[in-house]
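Chain by chain, the residues:
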Amino acid sequence: MLPPIGDYPESMEAWWLDRARMALGYAEDDALLRGLEKDAGRLSDLFTTDRKADFGGYGENERMLLAYGLFYFPQTFQRIRYPLRELLFRTGWQPAGGTIRGLELGAGTGGALLGAVDYLAAAFPEAAIEAQAVDRSRGSLALLSDLTRELRDRWPRATFRTSVGDMRTEPAWPPEGFDFILASFSLGEAFLEDQQDRGFHQWITAIRSRLRPGGWLLLVEPALKVTSERLERLRDQVAQENHWRIVAPCLHRESCPLLPSGEHWCHEVRSWDPPRSVVLLNRHLARSIQTLKYSFLALTAAAEVPAGEPAEANSDRFRLISPVAEVKGRLIAAGCAADGRRYTYEIPTRHLSREDRKRLLAWDRGDIVSGPFVPLGDGTVRRLNGTPEDLRHESAQHTGNPSA
């Protein structure tokens, strides 16, 4: 059984607070966080509405790096654990030997790498972990090195190395065969000007040579339409070439059904409990911090991918691509099904208990649902043909296995 997602570690929040207080000369945490509000706001703009190459050079600005560590690092650390947990569950992946080797490209301060190492250390406590980080920012990597050295008791069987380099170029990549490679919220910066996705596609093709057989690649991007659709186009190319096994989020290898209309784009929304420092930094920013939003693509370097995998091509199993909403006596949600098509799913509410309604409305975008549905009209709408007890719900949030 896989371990739960868990909460953001208090020791990590304390490390960032201590580091920022000492570097910026604040005596109290609250004064420190008030002082960094504008820096956190500037970062938020750079990551969303004011996106530009190198994100304004924040990687060499100490104040902004410390603001990142307190506001965005916790989100990055937690966010990677949801798709990672799903990947491990769907593949049944186990370390091939006594050591897990991992790499993050465009690692920055290493939030995603440490989130992954922390989870893998809990899932495979007997394994040693060798983790490497590549980034252009010396300041970011210096913070990562200090953090892992000073909190080494949390990962007693893990070692960390960093190297300065451009994540886009093969000479910057360590030569070792890796069990996993991550790129989290870094592809948008690295390939910002690549409007035709050519460099992006060449990059992922080359990356495969750095993975051991059965190794996996996890790409995580913002939940913005432009970044999510770029991953959708990439997975379409991957599906056609048949060199990778698509693990998630897709339940099929057909063309992405969301791209033609652009009405929906594939992304996840996960609830979490943000640490106090994130809440206080957000007092005047008013950002949506109660959920973690992202798009992702999980692939494994399978030796051979059978055509049409997986073979569960039916419309009764689907990933939610919208929230569940209550409309005129029905619960309604959009889903991307295992047969490669998009449907609207509805559940009549007339026989639902208050508890059932509350439970179904709490399902997150990105959860997987299966059950008996029947087509209505032209077949694009499907209605539950049974009771809520007939529905099977899978979520990365569960404390047991995702299908529990």
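Going by the structure above, here's the rest.
Residues numbered from 1 in each chain as written. Predicted model: local features only at pLDDT ≥ 70, side-chain atom pairs only at ≥ 80, totals over all residues. Heavy atoms only, no water.

S.K.: Honestly, the overall build of the chain in this entry has me stumped. Any pointers?
M.R.: Of the regular secondary structure elements, the chain holds 13 helices and 16 strands. Its C-alpha atoms give the chain a radius of gyration of 21 Å, near enough to 22 Å, the size a compact globule of 404 residues would have. For the chain, the spread of C-alpha atoms along the three principal axes comes to 65 × 45 × 45 Å. By residue count, 56% of the 404 residues in the chain fall in the buried class. (Helix = DSSP H or I, 4+ residues; strand = E, 2+ residues; numbered from the N terminus. Rg over C-alpha atoms; globule rule 2.2 N^0.38 Å. Buried < 20%, exposed > 50% of the residue type's maximum accessible area, 1.4 Å probe, protein only.)

S.K.: Explain the packing of aromatic side chains to me, please; I cannot follow it from the model alone.
M.R.: Each pair of aromatic rings is reported with the distance of its centres and the angle of its planes. Overall, the coordinates contain 16 aromatic pairs when judged by the stated rule. Pairing Tyr 68 with Tyr 72 gives two aromatic rings, centres 5.8 Å apart and planes at 25 degrees, and the pair type is stacked. For the pair shown, Tyr 68 and Tyr 72 are each scored as buried. For the pair Trp 155 and Phe 160, a centre-to-centre distance of 5.7 Å together with 70 degrees between the ring planes defines the contact as edge-to-face. On the accessibility criterion, Trp 155 (2% relative accessible area) is buried. A residue is classified by how much of its surface remains accessible, and Phe 160, at 23% relative accessible area, is partly exposed. (Phe/Tyr/Trp six-rings, centres within 6.5 Å; stacked < 30°, edge-to-face > 60°.)

S.K.: Mind showing me how you'd approach the environment of Phe 200 here?
M.R.: Turning to its location among the elements, Phe 200 is positioned in helix H10 (residues 198–207). Each C-alpha atom, one on Phe 200 and one on His 267, is 19 Å from the other, the two residues being 67 residues apart in sequence.

S.K.: How should I be thinking about the nonpolar core in this particular structure?
M.R.: Residues Trp 16, Leu 88, Leu 120 and Trp 216 are the most contacted members of the largest nonpolar core, which totals 70 residues. Once you skip the residues sitting within four places of it in the chain, Leu 120 turns out to touch Leu 84, Leu 88, Trp 93, Ile 100, Ile 129, Phe 180 and Trp 216. (Core = buried A, V, L, I, M, F, W, Y, C linked by side-chain atoms within 4.5 Å. Contact = heavy atoms within 4.5 Å.)

S.K.: When you look at the side chain of Thr 227 in this model, what are you seeing that I'm missing?
M.R.: Within the secondary structure, Thr 227 is located in helix H11 (residues 225–241). Reaching out from Thr 227, the side chain makes a polar contact with the backbone oxygen of Pro 222 at a distance of 2.8 Å. (Polar contact = N/O pair within 3.5 Å; in protein donor to acceptor, adjacent residues only side chain to side chain.)

S.K.: Whenever I open this one, helix H1 (residues 10–24) confuses me. Can you help?
M.R.: Note on helix geometry: an α-helix contains 3.6 residues per turn, so any two residues three or four positions apart are oriented the same way. A rise of 1.5 Å per residue sets the reference length of H1, with its 15 residues, at 21 Å; its end C-alpha atoms lie 21 Å apart and thus fit the reference within 8%. Gly 25 sits one or two positions beyond H1 and adopts a positive phi of about 80 degrees. (Expected span 1.5 Å × (residues − 1).)

S.K.: Just checking my understanding: could you explain the environment of Pro 74 for this structure?
M.R.: Tracing the sequence through the fold places Pro 74 in helix H5 (residues 73–79). Considering only alpha carbons, one finds Pro 74 and Tyr 8, 66 residues apart in sequence, at a separation of 6.5 Å. In this view, Pro 74 contacts Tyr 8, Tyr 68, Gly 69, Trp 272, Pro 275 and Val 278; residues no more than four positions away in its chain are not counted.

S.K.: Sorry, what's going on with the packing of H1 against helix H4 (residues 62–71) here?
M.R.: For any two helices packed against each other, the geometry comes down to the angle between their axes and how far apart the axes lie. At a minimum axis distance of 9 Å, the contact between H1 and H4 shows a crossing angle of 160 degrees. In terms of axis orientation, H1 runs roughly antiparallel to H4. Along this stretch, H1 crosses H4, giving a crossing that reads as left-handed. When H1 is examined against H4, the residues Glu 13, Trp 16, Leu 17, Arg 19, Ala 20, Ala 23 and Leu 24 are found in contact with a partner set consisting of Glu 62, Arg 63, Leu 65, Leu 66, Gly 69 and Leu 70. (Axes fitted to C-alpha atoms, helices over the stretch in contact; angles between N-to-C directions. Parallel < 35°, antiparallel > 145°, perpendicular 65-115°, else oblique. Left-handed = near helix turned anticlockwise from the far one by under 90°.)

S.K.: How should the side chain of Asp 236 be read in this particular structure?
M.R.: Within the fold, Asp 236 resides in helix H11. Filtering out sequence-adjacent residues up to four positions away, Asp 236 remains in contact with Glu 254, Ser 255, Cys 256 and Leu 259.

S.K.: I'm lost on the pattern of salt bridges in this one. Help?
M.R.: Close approach of charged atoms allows side chains of opposite charge to pair. What the rule picks out here adds up to 28 salt bridges. Among the salt bridges present, the one from Glu 86 reaches Arg 90, with a minimum N-O distance of 2.9 Å. Taken together, the residues span about one helical turn, with Glu 86 and Arg 90 both in helix H6 (residues 81–91) at a distance of four residues. Assessed through its relative accessible area of 22%, Arg 90 is described here as partly exposed. Two residues, Asp 356 and Arg 359, come together in a salt bridge whose shortest N-O distance is 3.1 Å. With Asp 356 and Arg 359 both in helix H13 (residues 354–361) and three residues apart, this pair spans about one turn of that helix. Through salt bridges that share partners, Glu 86, Arg 90, Glu 268, Arg 270, Arg 317, Arg 319, Asp 367 and Glu 394 make up one connected network. (Salt bridge = Lys/Arg side-chain N within 4 Å of Asp/Glu carboxyl O.)

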